[in-house]
Amino acid sequence: MSSKCDTHRRQHRTVNLTLWALLLLGLGIMVWHVWVYGPEEGGLQILGTKPFILVMLSEAWHMIIGSHGIIAEIGDIWIYFMIGILIAGYIRTYKLHIRLRKTLIRHGFLSIFIAALVGVFSPLCSCGILATVIGLLSSGLPLAPAMALLISSPLMSPTAFLLTIGDLGVEWAVVRTIAAFLMGVLAGVVTHLLRNKGFQTDTLFLDDSVIDGDFHDHDFGDERLRCTCREKLSNRIARKVKNKNFIIFWAKTLEMTWMIGKYVLVGIIVGAIAEEYIPPTWLNELFGKEGAFNIVWVTLGSIPVFLHQVSASTILFHIQEALPGTLDKGAGLAFLIGGPVTAIPAMTLLWAMFKKRVFVLYMSISILGTFLLAYGFRSFVFVPHTDAGSPVFIGVSNIAGGPSSVIKKSSKYVHVAADPDRNPVIATYSDLGGGSGIVFDSCLTRFSNEAVSVSGNEDYIKNIARWLDTTSQLDITGSILVYNTFSQAGYDNDYFDKNVPVVLAENNYKVKITDRKQTPEVTPELLQGYNQLWFFSGESQSSTLGEEEVETILDYRDDGGSLLIVAGPQISDDQDFTRDANQIATEFGVTFSGAVDTAKHMHITIYGRFFHLAADELRSYYDVIRKLRE
């Protein structure tokens with residue numbers, strides 16, 4: 001028998017060619033952008049002064065080491081990747097997904113739901129699960145549960161779940177898991193209804209030679225799926241030792257680190273290129289606007305692009321960062337479902353092994369099911385114009401609203417967290433280069449004594465303090481200076497100075513509140529001893545901060561202090577709450593301007609409506625993982 005695996009070598013060749021095609025496409029976009037628009041930050045400033053190849057090399061170097069670059073992204077997600085790999089290695093070592101074969105056969109119609117659930121927790125992608133499904137069909141399993149497994153498995157796995165938490169937040173991880181399960185159930189039910197229309201198990205294959213077996217079996221009965229990967233480390237160990245599952249586990253984990261890691265790496269590279277070089281107006285048309293057909297275009301456009309389950313969330317994260325506002329979650333879900341479920345390598349094998357009606361059924365369910373779930377979740381589940389994955393919204397269901405200014409971003413490091421009616425009102429700043437975090441909020445009343453009592457608003461305030469504490473680079477922690485620039489009646493004790501400090505003090509934060517009357521000047525001495533500055537911009541006809549004060553605050557941030565900058569609306573020339581805030585915010589690519597009225601209670605996430613308890617439980621695990629990463 002040949003020492004090389006001809007079957008999986010063909011599959012791997014198809015996969016690798018597709019991945020290389022994605023990388024070349026990304027490089028082409030990069031070259032086109034630099035040629036048409038000139039280099040981005042990190043590249044040469046004047047294109048004509050240096051050879052074009054040197055400009056491109058400079059751009060590539062910045063893409064690798066930049067604050068939003070490949071190395072920074074790897075450092076941010078590696079812990080989620082490794083934990084997912086360990087879980088997947090355990091499942092593969094003990095073949096838990098194969099052990100369920102008899103269970104699926106025994107439970108009839110219920111096996112559809114069991115198979116969809118198994119697919120969600122299976123570590124196998126679309127290529128790997130196909131061989132398992134063929135074995136199940138050959139064992140007498142009806143096509144309906146097999147189709148449920150075949151559809152749900154490419155959409156979610158332990159690794160993909162943890163990477164989704166790292167990239168997009170807990171809400172997306174939960175939603176993506178539920179969507180994968182529902183896609184599997186939908187596929188199984190539809191196939192069950194069509195079981196007497198030419199979809200009996202004994203009429204599915206192109207011939208009758210397929211027999212039982214498992215992924216990577218060297219003695220598989222059908223040579224088209226026979227695997228002779230005897231050179232694989234885990235296979236060599238399995239032949240030489242008995243009852244050494246611990247050793248085999250580590251061998252399989254090492255194998256899967258590269259097998260899955262290459263998808264993650266390509267996802268990071270393509271995502272970083274998309275964020276940096278695809279014009280934001282293009283991405284905004286597909287992912288930033290809730291149009292009637294953008295879900296259709298995203299779904300159809302994902303079919304020819306090989307999106308693995310573990311790379312899709314990373315690419316979507318970068319797309320989200322490049323948008324001027326929040327992500328259209330319906331289009332985002334279509335991207336996470338449509339790409340992985342229609343992977344080209346699996347489609348090639350499916351076409352070669354099964355009769356064409358099976359292929360057509362699979363593709364129809366994949367495309368139409370993506371439409372159904374994406375539009376359904378957008379209409380009935382998702383809260384529009386919010387990013388529940390933002391660190392300030394962890395576990396927050398609602399926040400207080402009211403009169404606000406509008407945040408305009410001009411920096412890629414600014415991430416819009418909430419923009420009701422497409423008017424950004426909350427944003428964060430994180431350059432990932434070691435700088436401390438900044439939160440921008442354009443609603444002063446959100447921090448009033450009355451607003452703090454709004455359900456979720458207290459959690460929002462605590463999240464701000466927690467995130468700014470985490471990102472601060474100063475040696476001290478948990479110490480907040482609250483400074484407002486009201487020179488006349490404004491944030492007095494009855495309006496502001498009661499509930500916010502109480503909430504923070506209950507969470508072990510040291511808080512000092514002062515204003516323009518008590519402390520007429522912001523000095524380095526005033527800021528000393530605090531790792532957070534909460535700056536509230538008061539109403540004024542002209543800016544009250546002097547140039548030295550502005551420099552003091554900017555130096556404070558450069559030295560590692562974190563900032564919360566809050567400004568109200570521009571009601572009139574006499575009542576403009578933005579002037580003081582803008583002297584600081586504009587240095588970071590944010591401008592407060594205009595006036596809008598937001599809802600008194602703004603919904604942030606679906607937690608409160610559906611799975612608040614589950615989300616909170618997952619958040620606790622996420623916090624543990626985050627501490628391990630740090």
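Being a predicted model, the structure only gives us computed values, none of them experimental.

### Quick notes on the overall build of the protein chain
Here is step 1: A tally of helices and strands in the protein chain yields 25 helices and 11 strands.
Here is step 2: Counting the 630 residues in the protein chain, one finds 58% classified as buried.
Here is step 3: When the accessible area of the protein chain is evaluated, it comes to approximately 26000 Å², of which 59% is carbon and sulfur surface.

### Considering a negative patch on the surface
Here is step 1: Taken together, the side chains of E521, E547, E548, E551, D555, D558, D559 and E587 define an acidic patch exposed on the protein surface.
Here is step 2: Counting through the fold element by element, E548 comes out in helix α23 (residues 547-558).

### Some remarks on the pairing of strand β9 (residues 562-567)
Here is step 1: The element β9 is extensively covered by neighbouring structure, given that 6 of its 6 residues are classed as buried.
Here is step 2: Where strand β8 (residues 532-537) meets β9, 6 bridges bridge the pair, whose relative direction is parallel. The partner of S537 across the bridge, within β9, is A567.

### Looking at the pairing of strand β3 (residues 414-418)
Here is step 1: With 5 of its 5 residues buried, β3 lies for the most part within the structure.
Here is step 2: Two strands pair when backbone bridges link them, and β3 and strand β4 (residues 426-429) are joined in this way by 4 bridges, in the antiparallel orientation. The partner of H415 across the bridge, within β4, is T428.

### Comments concerning the environment of L333
Here is step 1: For L333, the location among the structural elements is in helix α16 (residues 329-341).
Here is step 2: Take L333: its relative accessible area is 0%, and that puts it in the buried class.
Here is step 3: If sequence neighbours within four positions are ignored, L333 has contacts with W172, V175, A179, L373, A374, F377 and F382.

### Quick look at the nonpolar core
Here is step 1: M147, I151, F287, L333, F335 and Y362 are the most contacted members of the largest nonpolar core, which totals 80 residues.
Here is step 2: It is helix α18 (residues 356-380) that provides the largest number of residues to this core, a total of 11 residues.
Here is step 3: Ignoring anything within four residues of it in the chain, the contact list for F335 reads F287, V298, S302, L307, A312, I315, L316 and P340.
Here is step 4: Within the second largest apolar cluster, 32 residues are counted, among which are I461, F486, V503 and Y509.

### Some thoughts on the pattern of salt bridges
Here is step 1: All chains considered together, the criterion is met by 9 salt bridges.
Here is step 2: In this structure, the salt-bridge partner of R446 is D441, at a minimum N-O distance of 2.8 Å. Here the two residues R446 and D441 agree in accessibility, since each one is buried.
Here is step 3: Salt-bridge contacts for E458 lead to K462; the nearest nitrogen and oxygen are separated by 4.0 Å. One end of the pair, E458, and the other, K462, are both in helix α20 (residues 457-471), 4 residues apart, so they sit about a helical turn from each other.
Here is step 4: Given a relative accessible area of 17%, K462 falls into the buried group.
Here is step 5: Through salt bridges with shared partners, a single network forms among E458, D459 and K462.

### A short note on the packing of aromatic side chains
Here is step 1: In total, this model carries 13 aromatic pairs according to the counting rule given.
Here is step 2: Cluster of aromatic residues (ring-pair linked, three or more members): F393, F447, Y460 and F536.

### Focus on the packing of helix α15 (residues 309-322) against α16
Here is step 1: The geometry of α15 relative to α16 is characterised by a closest axis approach of 9 Å and an angle of 150° between their N-to-C directions. Put simply, α15 runs roughly antiparallel to α16. Like other packed secondary-structure pairs, α15 and α16 cross with a definite hand, here right-handed. Contact residues: Q309, A312, S313, I315 and L316 in α15; G332, F335, L336 and P340 in α16.
Here is step 2: When its residues are assigned to classes, the contact of α15 with α16 shows 6 nonpolar, 3 polar and no charged.

### Focus on the sheet that holds strand β7 (residues 510-515)
Here is step 1: Read from one edge to the other, the open sheet built from 7 strands follows the order β3-β4-β5-β9-β8-β6-β7, with strand pairing classed as mixed. Whereas interior strands pair on both sides, the edge strands pair on one side only; in this sheet they are β3 and β7. Taking each pair of neighbouring strands and ignoring which way they run, the sheet shows an average axis angle of 15°.
Here is step 2: Where β4 lies against strand β5 (residues 438-441), 4 bridges are found, and the strand directions are antiparallel. Following the sheet pairing, Y429 is matched in β5 by I438.
Here is step 3: Relative to the sheet, α20 contacts β4, β5, β6 (479-484), β8 and β9, its axis offset from that of β8 by approximately 130°.
Here is step 4: Each of β6, β7 and β8 touches helix α21 (residues 499-506); the most contacted strand, β7, lies at about 160° to it.

What counts and what doesn't
Residues numbered from 1 in each chain as written. Predicted model: local features only at pLDDT ≥ 70, side-chain atom pairs only at ≥ 80, totals over all residues. Heavy atoms only, no water. Helix = DSSP H or I, 4+ residues; strand = E, 2+ residues; numbered from the N terminus. Buried < 20%, exposed > 50% of the residue type's maximum accessible area, 1.4 Å probe, protein only. Areas by Shrake-Rupley, 256 points an atom, 1.4 Å probe, with all protein chains shown as cover. Patch = residues over 30% accessible without salt bridge, like charges linked within 9 Å, V, L, I, M, F, W, Y side chains within 5 Å. Salt bridge = Lys/Arg side-chain N within 4 Å of Asp/Glu carboxyl O. Lys, Arg positive; Asp, Glu negative; His and termini not counted. Charge placed at Lys NZ, Arg CZ, Asp CG, Glu CD. Pairing = 2+ DSSP bridges. Contact = heavy atoms within 4.5 Å. Core = buried A, V, L, I, M, F, W, Y, C linked by side-chain atoms within 4.5 Å. Phe/Tyr/Trp six-rings, centres within 6.5 Å; stacked < 30°, edge-to-face > 60°. Axes fitted to C-alpha atoms, helices over the stretch in contact; angles between N-to-C directions. Parallel < 35°, antiparallel > 145°, perpendicular 65-115°, else oblique. Left-handed = near helix turned anticlockwise from the far one by under 90°. Nonpolar A, V, L, I, M, F, W, Y, C, P; charged D, E, K, R; others polar.

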